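# Chain and residue survey
The chain contents come next:
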Amino acid sequence: MLERPGVVTMRGNPLTLLGPELKVGDKAPDFSLITNDLEPVTLADYKDLALALVSVPSLDTPVCAVETRRFNAEAAKLDANVRILTISMDLPFAQKRWCGAMGIDKVVTLSDHREASFGLNYGVLIKELRLLARAVFVVDRAGILTHVELVREIADEPYYAGVLGALTRAAG
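Residues numbered from 1 in each chain as written. Predicted model: local features only at pLDDT ≥ 70, side-chain atom pairs only at ≥ 80, totals over all residues. Heavy atoms only, no water.

For an α-helix the count is 3.6 residues per turn, leaving residues at separations of three or four pointing the same way. With 14 residues, helix α1 (residues 62-75) extends 20 Å between its outermost C-alpha atoms, agreeing within 8% with the 20 Å of an ideal straight helix rising 1.5 Å per residue. Those residues of α1 that sit buried are Cys64, Ala65, Glu67, Thr68, Phe71, Asn72, Glu74 and Ala75. Those residues of α1 that are buried are in contact with β5 (50-55), β6 (82-88), α2 (92-102), β10 (135-139) and α4 (160-171). (Helix = DSSP H or I, 4+ residues; strand = E, 2+ residues; numbered from the N terminus. Expected span 1.5 Å × (residues − 1). Buried < 20%, exposed > 50% of the residue type's maximum accessible area, 1.4 Å probe, protein only. Contact = heavy atoms within 4.5 Å.)

So this is what it looks like as structure tokens:
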């Protein structure tokens, strides 16, 4: 497995990411994730949709909570052919409980806890923590990455305007 040391930091401390460095223009890799109702899903389940694949370390942390609430509010304004998927290593039960408590109903939360396939295929699995790095991948309706943002410091939020602009273009 490809190791990429020092690509991201947590409170300034370097961490190692496992998996490839994806770039704009790459075909979006497949993944196997679990819904809050314990159903498996893959990239093919979102065929013909523009996607924002948002990886976060854990919904139960302050920055991830702010980010997910922000994307939930933005998702309410998007076209029907667009989905925002927030992916973490949290258990599906915890994701469901958290979404219910926070009123998250537009963003789809998915768990990578079982296989870490998203983390490994998208190059965002943190070796030292077995959590996902904070990143956003926008996938157009043809399955191509049109925006890639790996947030260098895990405690920082992504650049929302860039993500939303790329998602609007990907849906067109």
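Our next topic: unusual backbone geometry. At Leu38, a position not held by glycine, the phi torsion is positive, near 70 degrees. With respect to the secondary-structure elements, Leu38 resides in the loop between β3 (32-34) and β4 (40-42).

This part takes up the pairing of strand β1 (residues 3-10). Both β1 and strand β2 (residues 13-18) contribute to a ladder of six bridges, which runs antiparallel. Paired with Met10 across the bridge in β2 is Asn13. Remark: two residues form the turn of the hairpin made by β1 and β2, two consecutive strands paired antiparallel; Arg11 in that turn has positive phi of roughly 55 degrees. (Pairing = 2+ DSSP bridges.)

Turning our eyes to something else, we now look at the sheet that holds strand β9 (residues 131-132). Pairing is antiparallel in the open sheet, where four strands are placed in the order β1-β2-β8-β9. Edge positions in the sheet fall to β1 and β9, since each of these pairs with one other strand and no more.

Turning next to the environment of Leu167. Inspection of the secondary structure assignment puts Leu167 in helix α4. A relative accessible area of 1% means that Leu167 is categorised as buried. Sequence separation of Leu167 and Val66 is 101 residues, and the distance between their C-alpha atoms is 19 Å. In this structure, Leu167 is in contact with Ala50, Leu51, Ala52, Leu78, Val82, Ile84 and Val138, ignoring residues within four places of it in sequence.

Under the defined criterion, the tally for this structure stands at six aromatic pairs. Aromatic pair Phe31 and Phe118: ring centres 5.9 Å apart, planes at 65 degrees, arrangement edge-to-face. Linking Phe31 in the loop between β2 and β3 with Phe118 in helix α3 (residues 117-121), this pair joins segments that are 87 residues apart in sequence. Given a relative accessible area of 2%, Phe31 falls into the buried group. Ring geometry for Phe118 against Phe137: centres 6.1 Å apart, planes inclined by 75 degrees, an arrangement best described as edge-to-face. Highlighted residues: Phe118 in helix α3 and Phe137 in strand β10, separated in sequence by 19 residues. By the burial criterion, Phe118 is buried, and Phe137 matches it. An aromatic cluster is built from Phe31, Phe118, Tyr122 and Phe137, whose rings are joined through pairwise contacts. Over the face of the ring belonging to Tyr160 we find Arg70, whose NZ or CZ atom lies 4.3 Å from the ring centre. (Phe/Tyr/Trp six-rings, centres within 6.5 Å; stacked < 30°, edge-to-face > 60°. Lys NZ or Arg CZ within 6 Å of the ring centre and 35° of its normal.)

This paragraph deals with empty space enclosed by the protein. Over the atoms rolls a probe the size of a water molecule, and in doing so it shows where empty space is left. Applying the stated criterion across every chain yields a total of one cavity of 30 Å³ or more. Approximately 40 Å³ is the volume found for the largest cavity. Together, Ser32, Leu33, Ile34, Ser111, Asp112, His113, Arg114 and Glu115 line the largest cavity. The dominant element in the lining of the largest cavity, judged by the number of residues it contributes, is β3, at three residues. Across the lining of the largest cavity, the residue classes break down as two nonpolar, three polar and three charged. (1 Å grid on protein atoms, 1.4 Å probe; cavity = no way out; pocket = protein on both sides within 12 Å on 5 of 7 lines; lining within 4 Å. Points joined across faces, edges and corners; volume = space filled by probe spheres on them. Nonpolar A, V, L, I, M, F, W, Y, C, P; charged D, E, K, R; others polar.)

Examined against the element boundaries, Asp90 turns out to sit in the loop between β6 and α2. The buried charged residue Asp90 lacks any salt bridge, with Arg97 as its nearest oppositely charged partner at 7.5 Å. Excluding residues within four positions of it along the chain, Asp90 makes contact with Ser58, Leu59, Gln95, Ser111 and His113. (Lys, Arg positive; Asp, Glu negative; His and termini not counted. Salt bridge = Lys/Arg side-chain N within 4 Å of Asp/Glu carboxyl O.)

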